Structure formats: C-alpha cells, structure tokens
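Architecture at a glance
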Amino acid sequence: MTSAFDDLLDANKRFAETFDLAGFDGVAHAGIAIVTCMDSRIDPLGMLGLTPGDAKIFRNPGGRVTPQALEALVLGVHLLQVKRILVVPHTRCAMASATLEELRSRVGESAGQDASWQHFGVVADQESALRDDVRQVRSHRLIPDSIAVGGFLYDVDTGLLEQRV
Ligand SMILES: [Zn+2]
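Things to note about the coordination of the zinc ion
Looking at the zinc ion, the protein donor atoms are Cys37 (SG), His90 (NE2) and Cys93 (SG), and they sit 2.0 to 2.3 Å from it. The sequence pattern describing where the donors of the zinc ion fall on their chain is C-x52-H-x2-C. With Cys37 in strand β1 (residues 32-37) and Cys93 in the loop between β3 (84-88) and α3 (94-97), the pair connects residues that are 56 residues apart, well separated along the chain.

Here it is as structure tokens:
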C-alpha cells in the first residue's frame, strides 16, 4: 500500500534501526513537564538542554493551560515523577497576534467556506494570559505546593527563554 506518508514511514524504519528507548518506563526522567505552543519554531526539549525521556510535553495553539493540559499535568505530577512545570508561550505567536475574526476569516478563505463557527483560543494579552495559566496550575487541588510552577516567554528569534511568572 502506498500512502501520503511513505517518506515518513521510510524515515521511521531508519529511526527504528538505532532505537534505544525499548522498555522505557515513560516517566519524566528529569522531572519536567512543559506546556507550550504547537509552533514548529519551538524545540521544547532542545531549548532546555533535555533529551527524549526527560519531560512530559503538552502542546496546543498558544501553549495554553486548558482543561486537558491540567489533566496531563495532574497525571505527570502523580504518576510520572514531574516535579517542575513550565508554561511556555512564545513571541510572534499567531494565537496572540490575530483576532478571532481575523483567524476565522483567514481559515474561511483557505477552506472556501464559512468558518465563523470555529472556536480559536486567541490570546488578547499574552502576559495576563500567562499569569492566569500559571495561577490555574498552582491553585489546582491535585497539584501540591511542592511542585515548582513557572511561566516563561520563549523568543523564537533568539532562542532565549525568560521567566515572567
Ligand atoms: Zn504559537
């Protein structure tokens, strides 16, 4: 069977030849969880000097602390050895630089149909959204105070991370 994914499956065969994570337990070996944006300019492990196996990573548009992100963090903290949580939105994020109307109209244009019903989690004020997101994690009943939680802004032009919360 040929598919649109053949090149990727070929690459996967080469990957599997040197695969060394077999039998890996799936905990966060460095005790880190990261919530960040889906943006392809972000390398969540690389930017923190980590390697596969070190961290639990949850990504979505904007790097927001959604109910599902909280679900991941609760599991990470209690079952996967997470001790430190980083919430990491970034500069020049599409979710923070466009309005809901703009995104709907751009997607609608691309789709050739109405997209005014589609939800997009746009961020009007990135700094205050980050404060809210970090507060949500810190105040979660199932995330104990012993867990360090920080809010950071990642600069996609310099690669630098700056703690804001
Ligand atoms: Zn983004």
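More follows now that the structure is in view.
Some remarks on the nonpolar core
Among the nonpolar cores identified, the biggest contains 19 residues, and Leu73, Ile85, Val137 and Ile143 are the most heavily contacted of them. In contact with Leu73, other than residues within four places in its own chain, are Ala33, Val35, Ile85, Val137 and Ile143. Membership of the second largest hydrophobic core comes to 18 residues, among which are Ile34, Met47, Leu86 and Phe152.

Thoughts on unusual backbone geometry
Although it is not a glycine, Gln81 adopts a positive phi angle of roughly 65°. Under the relative-accessibility criterion, Gln81 is labelled partly exposed at 46%. We note that Arg92 has phi near 55°; this positive angle belongs to a residue other than glycine. Among the structural elements, Arg92 can be located in the loop between β3 and α3.

Looking at the side chain of Asp39
In this structure, Asp39 sits in the loop between β1 and β2 (55-60). Taking the relative accessible area as the measure of exposure, Asp39 reaches 15% and is therefore buried. When neighbours within four sequence positions are excluded, Asp39 is seen to be in contact with Arg59 and His90.

Thresholds, definitions, all that
Residues numbered from 1 in each chain as written. Predicted model: local features only at pLDDT ≥ 70, side-chain atom pairs only at ≥ 80, totals over all residues. Heavy atoms only, no water. Donors = N, O, S within 2.8 Å, 3.2 Å for Na, K, Ca; no water. Helix = DSSP H or I, 4+ residues; strand = E, 2+ residues; numbered from the N terminus. Core = buried A, V, L, I, M, F, W, Y, C linked by side-chain atoms within 4.5 Å. Buried < 20%, exposed > 50% of the residue type's maximum accessible area, 1.4 Å probe, protein only. Contact = heavy atoms within 4.5 Å.

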